[in-house]
Amino acid sequence: EIGGTWDLFRYPGIRSDSDMFTMGYKFKPWTDEDSIAAGEKIRTYITDVASEYDITERIMFGHRAIHADWSSEDRTWTVSIRNNAGDVLTITTRFLLNCSGYYNYEQGFSPPFEGSDEFAGTIVHPQHWPEDLEYSGKRVVVIGSGATANSPLSPSIITRRTSPALAPISAIRALPSASATPR
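Q: I'd like a rundown of the nonpolar core, residues and numbers included.
A: Ile42, Trp129 and Ile157 are the most contacted members of the largest nonpolar core, which totals 21 residues. Elements represented by at least two residues in this core include exactly helix 1 (5-8), helix 3 (39-52) and helix 4 (147-160). No other element matches helix 3, which puts five residues into this core. Ignoring sequence-local partners within four residues, the contact set of tryptophan 129 consists of Arg10, Tyr11, Pro12, Val124, Tyr135, Leu153 and Ile157.

Spelled out as structure tokens, the structure:
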């Protein structure tokens, strides 16, 4: 699928942390009324633009670049690519853009937590948030201090939960973007 972050991450409250009027494409400006937009709106914008400009049909989905060599003499890149079937293809190109992001698509970074293997509850990484995860009325702990934990995820969980038991991150109380206050 096209969409990068906005396709991979589907946790509650995912949204931009930057002004979309600034981040939108110059040739196809962001026109939605929300400057700080929900992930689904951004994903729709990206897929609509790609479709409108016939970009999607030019993308080699299901392929992974595994090696790239630059030739100064030819002024080209030779790139080895593995497809989903395991076949290695080679292409030559004048331009090579690395748009892979900083995360591992198969498994997000999860630091080791002593005792996590004995925990009887559900442990979820935002990168692999199940669509059907039900947490209303449950006690929830959000571990982390980055943009995911503080900006969209914790306020969304706080807003939806019905149990008064949430172990919030202390910074959540200070964030101006927080949509709810822990009780």
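Q: Describe the pattern of salt bridges, with residues and values.
A: The full count for this structure, using the stated rule, is four salt bridges. One salt bridge in this structure joins glutamate 52 and lysine 28, with 3.0 Å as the shortest N-O distance. In this pair, glutamate 52 sits in helix 3 while lysine 28 sits in the loop between helix 2 (20-23) and helix 3, placing the two residues 24 residues apart along the sequence. The class for glutamate 52 is partly exposed, based on a relative accessible area of 47%. For lysine 28, a relative accessible area of 29% corresponds to the partly exposed category. Residue aspartate 32 pairs with lysine 41 through a salt bridge whose shortest N-O separation is 3.1 Å. The structure contains a network of salt bridges with shared partners spanning Asp32, Asp34 and Lys41.

Q: I'd like to hear about the pairing of strand 1 (residues 63-71), residue by residue, with values.
A: Bridging between strand 1 and strand 2 (residues 76-83) involves eight bridges; their strand directions are antiparallel. Pairing of histidine 67 across the sheet is with serine 80, part of strand 2. Where strand 1 hands over to strand 2, the hairpin turn is made up of four residues, of which arginine 75 adopts a positive phi near 55°.

Conventions and cut-offs
Residues numbered from 1 in each chain as written. Predicted model: local features only at pLDDT ≥ 70, side-chain atom pairs only at ≥ 80, totals over all residues. Heavy atoms only, no water. Core = buried A, V, L, I, M, F, W, Y, C linked by side-chain atoms within 4.5 Å. Buried < 20%, exposed > 50% of the residue type's maximum accessible area, 1.4 Å probe, protein only. Helix = DSSP H or I, 4+ residues; strand = E, 2+ residues; numbered from the N terminus. Contact = heavy atoms within 4.5 Å. Salt bridge = Lys/Arg side-chain N within 4 Å of Asp/Glu carboxyl O. Pairing = 2+ DSSP bridges.

Remember that the coordinates give geometry; whether it matters functionally is a separate question.
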